[in-house]
Each structure stands twice: as structure tokens, then as C-alpha cells.
Amino acid sequence: MLLASWNINSVRIRLGILDLWIKKRNPEIFFLQEIKCEAIDFPYNFFKKLGYESYVFGQKGRNGVAIIVKKNIIEKEDTINIDNLNIEGQARFIEYYSKKLEIYFCNIYAPNGNPISNHEKFNFKVKWYDNLKGYLSKHIKNEKKIIIAGDFNVLENEKDVKDFDNWSEDALGKLIIRKKFRKILGLGFTNIVRQYYEPGKIFSFWDYQKAAWQRNYGLLIDHILCSPNLLESIISFGSDHEMRGKERPSDHRSEERRVGKECRSR
């Protein structure tokens, strides 16, 4: 099974690049963040023609998350949950439970939090991370199988950008936010990228400005985490950096992890 995550930065204008990527990777489940449309305007038929069902929590013009699932995985007992993480009307969290796989799939788009001088924005990010930790701790306590992926908007390691000193007072690199992320890892989650790449060897975001892509001036702010009872099921991890170089790309690239059959219910 291939699971993927991608901050698509407006789904309706990236359908061409999504079509190329889906036909190349053929993922069973993938997450999209920052879809920038309400659920009613989401391109359901585009994904349906490719063999998928879409579960969407959208917001007009900004934010928004979606989980796209192959039809052969879906069962009647599957559930969708939008928890209290979507506070202040911001669409940043959706969870899909697969009865067939017995896994909770959580797709998140964490607040950016900038500028730090805007205390309302930054404090909202702190509160949101606290809520996320509280929610996930319940799953861990009950020994559920969980995959949480998306745009965390955090530089966990100082090497996740080439000049961290310039980001230490940014909401992506601020120590309090990095500690919030590490407290989530402290629940027992593993950040899959760390199993395959040393810090500084891979990025997930390149700004549209200042030729960031051409200079490979990137940041690693997107992650895929898994609960302890799924760690041994992982058999590979990769990223499609080349998608960032396509025409009209998202400023993020997709990343995917493959899990073995042993994660499926028997």
C-alpha cells in the first residue's frame, strides 16, 4: 500500500500535475492540504474517474484538507471525523478510519503562525498544537494504529533549512513550536523521514520567490508520522521532488511511504 501527502496549494489549478502524479504513483490513499476551496467546489469527479472517493473539509479561498481513497479499500464501517482541531472556522484537520486496514489516517494543515509579532496568529498556532497533542494522546493511550501526515509548518531540526539562524525567530523555527512538535513525537510517534534521511538531506518546500527551487533553498516542514504499532510495517519512503519543477507547481512536493501487507487486518 502506498500512502502519500502533498500540500497542493489550490487543488483546482493543480489537476494537470495531479493527474501526472497519480498515474505515476498510483497511491492507495493520499492526503491533500491547502486545497483552498469549499467542499461543494472540490473536484470530486476528477478523482472518481481515477478510481477514488474523496473526503473533504474545505474552506473558501484558504486552508482546507482532503483524504483521497481508492474505492476498493472503502467499507461501510469506515468513518470520517472532523474534531475540535478545526477551531475558529479554519479547516485544518480531517481523519479517516479504514475498517479494512484498521488504521486511523489523520491529515493536518498546521497554522503558519507568522508574523510572530502578531500575537493572535502565533498564539493560535501554539493552541492548535496543544489541541493536536491532546487528541492524538487518546489514540495512543488506546493503542490505535495511526498515521498522521501533512504540512506541520515546523522545522524540527536546525538542519532542515540551510541557514537556521535566519529562522530561529520565525514561527516555523521558533523553539516553542519545535518543542510542541517533539511532544507529539514523545507520545510514541516516529517521523518516517528520519528513518531514511539525515537532517539536511531532503526538503519539502521551496518558496516561489528568489529562485528558491533553482537554488535548492528548501525547508523540511511536511512530515509523515506513525504510531509504534505500525513502524515495522514501513518498507520504503520517498519524495517526488521533480513535481516541484513542473509547470504551475505547488511550492511543496509530494512525499510517500509504502507499507507492507502486514498492516492490513486479517
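Residues numbered from 1 in each chain as written. Predicted model: local features only at pLDDT ≥ 70, side-chain atom pairs only at ≥ 80, totals over all residues. Heavy atoms only, no water.

Draft legend 1. Looking closely at the overall build of the protein. When helices and strands are tallied, the protein shows five helices and twelve strands. Oriented by its inertia axes, the alpha-carbon framework of the protein measures out at about 50 × 45 × 35 Å. Within the protein, buried positions represent 55% of all 266 residues. Excluding contacts between residues fewer than 6 apart, the proportion of contacts in the protein whose partners are at least 24 apart in sequence is 69%. Roughly 12000 Å² of accessible area belongs to the protein as shown, and the carbon and sulfur atoms make up 46% of that amount. Placing the 45 positive and 35 negative side-chain charges of the protein at their respective mean positions leaves the two points 1 Å apart. (Helix = DSSP H or I, 4+ residues; strand = E, 2+ residues; numbered from the N terminus. Buried < 20%, exposed > 50% of the residue type's maximum accessible area, 1.4 Å probe, protein only. Contact = heavy atoms within 4.5 Å. Areas by Shrake-Rupley, 256 points an atom, 1.4 Å probe, with all protein chains shown as cover. Lys, Arg positive; Asp, Glu negative; His and termini not counted. Charge placed at Lys NZ, Arg CZ, Asp CG, Glu CD.)

Draft legend 2. View of the nonpolar core. Grouped together as the largest cluster of nonpolar side chains are 27 residues, with contacts concentrated most on Tyr129 and Ile148. The set of elements that each furnish at least two residues to this core consists of strand E6 (93-98), strand E7 (103-109), helix H3 (119-141), strand E8 (146-151) and helix H4 (175-185). Those residues within four positions of Tyr129 in sequence are excluded, and the remaining contacts are Ala110, Phe152, Val154, Ile177, Lys180, Phe181 and Ile184. Counting 25 residues, the second largest nonpolar core, distinct from the first, contains Ile73, Tyr96, Ile224 and Phe237. (Core = buried A, V, L, I, M, F, W, Y, C linked by side-chain atoms within 4.5 Å.)

Draft legend 3. Layout of the sheet that holds E6. Spatial ordering of the open sheet is given by E5-E6-E7-E8-E10-E9, a layout of six strands whose pairing is mixed. Each having just a single partner strand, strand E5 (79-81) and strand E9 (190-191) make up the two edges of the open sheet. The pairing of E9 with strand E10 (residues 222-226) spans two bridges and is classified as antiparallel. Opposite Thr190, over in E10, you have Cys226 as the bridge partner. On the sheet, H4 packs against E9 and E10 and is oriented at approximately 25 degrees with respect to E10. (Pairing = 2+ DSSP bridges. Axes fitted to C-alpha atoms, helices over the stretch in contact; angles between N-to-C directions.)

Draft legend 4. Looking closely at the packing of aromatic side chains. Counted under the stated rule, the structure contains 17 aromatic pairs. Taking 6.0 Å as the distance between ring centres and 55 degrees as the angle between the ring planes, the aromatic pair formed by Phe30 and Phe47 counts as tilted. Of the two residues, Phe30 sits in strand E2 (residues 29-33) while Phe47 sits in helix H2 (residues 44-49), which places them 17 residues apart along the sequence. No difference in accessibility class separates Phe30 from Phe47, as the two residues are buried. Linked through ring pairs, Trp6, Trp21, Phe30, Phe42, Tyr44, Phe46, Phe47 and Tyr52 together constitute an aromatic cluster. (Phe/Tyr/Trp six-rings, centres within 6.5 Å; stacked < 30°, edge-to-face > 60°.)

Draft legend 5. Representation of the pairing of strand E4 (residues 65-70) within the structure. Burial runs high along E4: six of the six residues are buried. Residue alternation in E4 divides its side chains into two sets, Val65, Ile67 and Val69 and Ala66, Ile68 and Lys70, and both sets are buried. Note: E2 against E4, five bridges, orientation antiparallel. Residue pairing across strands places Phe31 opposite Ile67, the latter belonging to E4. The sheet contact formed by strand E3 (residues 52-57) and E4 spans six bridges and is antiparallel. Its bridge partner lying in E4, Tyr52 is registered against Lys70.

Draft legend 6. Highlighting H3. The end-to-end C-alpha distance of H3 is 33 Å, a good match for the 33 Å that 23 residues give at a rise of 1.5 Å each. Where H3 is concerned, the buried positions are Phe122, Phe124, Lys125, Val126, Trp128, Tyr129, Leu132, Tyr135, Leu136 and His139. Packing partners of the buried residues in H3 comprise E5, E6, E7, E8 and H4. Positive phi shows up at Glu143, right after H3, with a value of about 55 degrees. (Expected span 1.5 Å × (residues − 1).)

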